[in-house]
Amino acid sequence: MMLKNKVAIVTGGTRGIGLAVVKAFLAEGASVALFGSRPETVTKALEAIKAENPSASVMGLSPDLSDYASIEAAMKEVHSHFGKIDILANNAGVSARESIYDYDPAAFQSVMDLNVNSVFYCVKAVAPFMKEQGGGAIINTSSMVSLYGQPSGCSYPASKFAVNGLTKSLARELGKDNIRVNAVLPGVTRTDMVAALPTEMVERISATIPLGRVGEPEEVANAFVFLASDKASYITGALLSVDGATQV
Ligand code: NAD
């Protein structure tokens, strides 16, 4: 029980890596508030979790992550429900594939709004609670593309480079309040997006990865558990790759 008596928030917790993080945090003894983009998907995720684990201490909300006031209200609701907030996993994110030649500027901005601005908003709303209670752990979901870039959809790697920048800077700023800030950099991970790819494409990708396969969401979630736990008490500002040593 690495997270016994801890209270965690996971954004984008309704599916994929986020849902795996929610389940892993619950399995390690935490109480969890998961955030999703729509009430229906939040309800579905809560039902699936309760079906597997009826005694899970879990709640769900769907704040608008592009709106600071909505996030601030959600953080206050979690705090009054559970009495504290120890862990924030900023995981919600979208990817992009557009070519620069036909990239609509509004579409570029919407990736930055979710992948970067919402991380800033969530940290800003949660840090005062963590400071007041004597500390906390923040883990941001970055990506391997934050190291290498990618050949299209430039907003996505740009947003994840920014997530690394927020991670490094906020680690330095919040260290004095005992708030640790780290990032997990997943490689290709078997979420809905990857599951929808043709088998031969997944095999081709896997052949380029030294461990010979794509990652599972649960393997990424294990890194979140470690960084959220007191076992990582002297680790802050770290960018932890979980990518089977992928080199692009
Ligand atoms: P996913 O599409 O399965 O899940 C995305 C989550 O983000 C969902 O819970 C969804 O509700 C939430 N979300 C999406 N748009 C939102 C919005 N506008 N407002 C609020 N919530 C919103 O994706 P995933 O693969 O599990 O990705 C999770 C994180 O991991 C993302 O930050 C992604 O960039 C990162 N990542 C994924 C991979 C991969 O291969 N799957 C690799 C590297 C990094």
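Note that the coordinates shown come from a computational prediction; the quantities given were computed from them, not determined experimentally.

Analysis parameters
- Residues numbered from 1 in each chain as written.
- Predicted model: local features only at pLDDT ≥ 70, side-chain atom pairs only at ≥ 80, totals over all residues.
- Heavy atoms only, no water.
- Helix = DSSP H or I, 4+ residues; strand = E, 2+ residues; numbered from the N terminus.
- Rg over C-alpha atoms; globule rule 2.2 N^0.38 Å.
- Buried < 20%, exposed > 50% of the residue type's maximum accessible area, 1.4 Å probe, protein only.
- Contact = heavy atoms within 4.5 Å.
- Lys, Arg positive; Asp, Glu negative; His and termini not counted.
- Charge placed at Lys NZ, Arg CZ, Asp CG, Glu CD.
- Near = heavy atom within 4 Å.
- Polar contact = N/O pair within 3.5 Å; in protein donor to acceptor, adjacent residues only side chain to side chain.
- Areas by Shrake-Rupley, 256 points an atom, 1.4 Å probe, with all protein chains shown as cover.
- Expected span 1.5 Å × (residues − 1).
- Arc of directions from axis to C-beta.
- Axes fitted to C-alpha atoms, helices over the stretch in contact; angles between N-to-C directions.
- Parallel < 35°, antiparallel > 145°, perpendicular 65-115°, else oblique.
- Left-handed = near helix turned anticlockwise from the far one by under 90°.
- Nonpolar A, V, L, I, M, F, W, Y, C, P; charged D, E, K, R; others polar.
- Phe/Tyr/Trp six-rings, centres within 6.5 Å; stacked < 30°, edge-to-face > 60°.
- Pairing = 2+ DSSP bridges.

Engineer: Would you mind going over the overall build of the chain with me for this structure?
Structural biologist: Within the chain one finds nine helices and seven strands. For 248 residues, the compact-globule formula gives about 18 Å, and the C-alpha radius of gyration of the chain, at 17 Å, lands near that figure. For the chain, the spread of C-alpha atoms along the principal axes amounts to about 45 × 35 × 35 Å. The proportion of buried residues among the 248 residues of the chain is 48%. Sequence separation of 24 or more characterises 73% of the internal contacts of the chain that already satisfy a separation of 6 or more. Charge separation in the chain, taken as the distance between the mean sites of 21 positive and 24 negative side-chain charges, equals 6 Å.

Engineer: Teacher, can you tell me more about the site of the ligand here?
Structural biologist: Residues in contact with the ligand amount to 23 residues; listed here are only the nearest, Thr-14, Ile-17, Asn-91, Tyr-156 and Thr-189. Asn-91 places a main-chain nitrogen or oxygen 2.8 Å from an oxygen atom of the ligand. With respect to the ligand, the backbone of Thr-189 contributes an N or O atom lying 2.9 Å from an oxygen atom. Alone, the ligand offers 820 Å² of accessible surface; in the complex the protein occludes 85% of this.

Engineer: Please clarify how helix 2 (residues 39–52) should be interpreted in this entry.
Structural biologist: For an α-helix, 3.6 residues make a turn, and residues three or four places apart therefore share a direction. End to end, helix 2 covers 20 Å across 14 residues, agreeing with the expected 20 Å (1.5 Å per residue, within 8%). Burial in helix 2 covers these residues: Thr-41, Val-42, Ala-45 and Ile-49. All buried residues of helix 2 lie within an arc of 105° about the axis, which places them on one face of the element. Across from the buried face of helix 2, at angles greater than 90 degrees, the exposed residues are Lys-44, Glu-47 and Ala-51. The inward-facing, buried residues of helix 2 abut helix 1 (16–27), strand 2 (31–35) and strand 3 (58–61).

Engineer: Would you mind showing me how to read the packing of helix 1 against helix 9 (residues 217–228) here?
Structural biologist: Two quantities define a packed helix pair, namely the angle between the helix axes and the distance between the axes. The N-to-C vectors of helix 1 and helix 9 enclose an angle of 50°; their axes lie 8 Å apart at closest approach. Our classification of the angle between helix 1 and helix 9 gives oblique. Crossing of helix 1 over helix 9 shows right-handed handedness. Seen from helix 1, the contacting residues are Gly-16, Ile-17, Ala-20, Val-21, Ala-24 and Phe-25; seen from helix 9, they are Pro-217, Glu-218, Val-220, Ala-221, Phe-224, Val-225 and Ala-228. Here the residues of the contact of helix 1 with helix 9 are counted per class, giving eleven nonpolar, one polar and one charged.

Engineer: Just checking my understanding: could you explain the packing of helix 4 (residues 105–133) against helix 6 (residues 155–174) for this structure?
Structural biologist: For the pair helix 4 and helix 6, interaxial distance at closest approach is 9 Å and the crossing angle is 15°. Relative to helix 6, the element helix 4 is oriented roughly parallel. The two elements helix 4 and helix 6 cross, and the hand of that crossing is right-handed. Contact residues: helix 4 offers Phe-108, Val-111, Met-112, Asn-115, Val-116, Val-119, Phe-120 and Val-123, while helix 6 offers Ser-155, Tyr-156, Ala-158, Ser-159, Lys-160, Ala-162, Val-163, Leu-166, Leu-170 and Leu-174.

Engineer: Looking at this structure, I do not really get the packing of aromatic side chains. What am I missing?
Structural biologist: Counted by the stated rule, this structure contains three aromatic pairs. Geometrically, the ring pair formed by Tyr-103 and Phe-108 is edge-to-face, given 5.9 Å between the ring centres and 70° between the ring planes. Given the relative accessible area of 28%, Phe-108 is considered partly exposed. Among the aromatic residues, those joined into a cluster by ring pairs are Tyr-68, Phe-120 and Tyr-121.

Engineer: Can you walk me through the sheet that holds strand 3 in this structure?
Structural biologist: Adjacent strands of a sheet form backbone hydrogen bonds with each other and so pair up, either parallel or antiparallel. Strand order across the open sheet formed by seven strands is 3-2-1-4-5-6-7, with parallel pairing between neighbours. In the strand order of this sheet, the two ends are held by strand 3 and strand 7 (239–242), each with one partner. Strand-to-strand twist in this sheet, taken as the mean axis angle between neighbours without regard to direction, amounts to 20°. In the packing of helix 1 onto the sheet, the strands contacted are strand 1 (7–11), strand 2, strand 3, strand 4 (87–90) and strand 6 (179–186), and the crossing angle to strand 1 comes to about 170°.

Engineer: Hey, could you run me through the side chain of Thr-11 in this one?
Structural biologist: Within the secondary structure, Thr-11 is located in strand 1. With a relative accessible area of 2%, Thr-11 lands in the buried category. Polar contacts involving the side chain of Thr-11 include one to the main-chain amide nitrogen of Ala-92, which spans 3.0 Å. Beyond its immediate chain neighbours, meaning those up to four positions away, Thr-11 contacts Phe-35, Leu-65, Ala-89, Asn-90, Asn-91, Ala-92 and Cys-122.

Engineer: Any chance you could explain the side chain of Ser-146 here in plain terms?
Structural biologist: Secondary-structure assignment places Ser-146 in helix 5 (residues 145–148). Using a relative accessible area of 2% as the deciding quantity, one classes Ser-146 as buried. A polar contact is formed between the side chain of Ser-146 and the side chain of Ser-142, at a distance of 3.2 Å. There is a polar contact of 2.8 Å between the side chain of Ser-146 and the side chain of Asn-164.

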